[in-house]
Amino acid sequence: MIYRYVRFILGICLMIYVGRIIVKGIENLPKSGSYIIVAPHHHFIDAIVFATQIRATDFFFIAKT
């Protein structure tokens, strides 16, 4: 439940900061099962965009420093 609340708040903040986000190709994601999304890292908020715009499942992040 906390994940959904935080995702909602981050989505609002993101909309204020960036503006409208258009997601293309979301229909190509599987309805069930796992998948990996790789960020092109054009901006530091790529992970937040993915987590707020793709609502099919909860996200788990892996990062290398």
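Please refer to the structure placed before this passage.
In this text, all values refer to a predicted model and were calculated from it rather than measured experimentally. (Residues numbered from 1 in each chain as written. Predicted model: local features only at pLDDT ≥ 70, side-chain atom pairs only at ≥ 80, totals over all residues. Heavy atoms only, no water.)

K.L.:
If you had to explain the overall build of the protein to someone new, which residues and values would you point to?
P.N.:
On a plain count of helices and strands, the protein comes out with two helices and zero strands. A separation threshold of at least 6 residues defines the contact pool for the protein, and within that pool the share at least 24 residues apart is 61%. Here the protein displays about 6,000 Å² of accessible surface, and carbon together with sulfur accounts for 64% of that area. (Helix = DSSP H or I, 4+ residues; strand = E, 2+ residues; numbered from the N terminus. Contact = heavy atoms within 4.5 Å. Areas by Shrake-Rupley, 256 points an atom, 1.4 Å probe, with all protein chains shown as cover.)

K.L.:
If you had to explain the environment of Ile 36 to someone new, which residues and values would you point to?
P.N.:
Position of Ile 36 among the secondary structure elements: in the loop between helix H1 (2-18) and helix H2 (46-53). Expressed as a C-alpha distance, the spacing of Ile 36 and Phe 60, which sit 24 residues apart in the sequence, is 9.9 Å.

K.L.:
Which residues make up the packing of H1 against H2, and what are the values?
P.N.:
Following both chains from N to C, one finds H1 and H2 inclined at 120°, their axes separated by 9 Å at the closest point. Between H1 and H2, the crossing angle belongs to the class labelled oblique. H2 is crossed by H1, and the crossing has left-handed handedness. Mapping the contact onto sequence places Tyr 3, Arg 7, Leu 10, Gly 11 and Leu 14 in H1 and Ile 48, Val 49, Ala 51, Thr 52 and Gln 53 in H2. For the contact of H1 with H2, the class distribution of residues is six nonpolar, three polar and one charged. (Axes fitted to C-alpha atoms, helices over the stretch in contact; angles between N-to-C directions. Parallel < 35°, antiparallel > 145°, perpendicular 65-115°, else oblique. Left-handed = near helix turned anticlockwise from the far one by under 90°. Nonpolar A, V, L, I, M, F, W, Y, C, P; charged D, E, K, R; others polar.)

K.L.:
Before we move on, can you summarise H1 with the specific residues and values?
P.N.:
Across its 17 residues, H1 extends 24 Å between first and last C-alpha, which sits within 8% of the 24 Å expected from 1.5 Å per residue. Where the residues of H1 are buried, they touch H2. Among the residues trailing H1, Gly 19 stands out with phi positive, at a value near 110°. (Expected span 1.5 Å × (residues − 1).)

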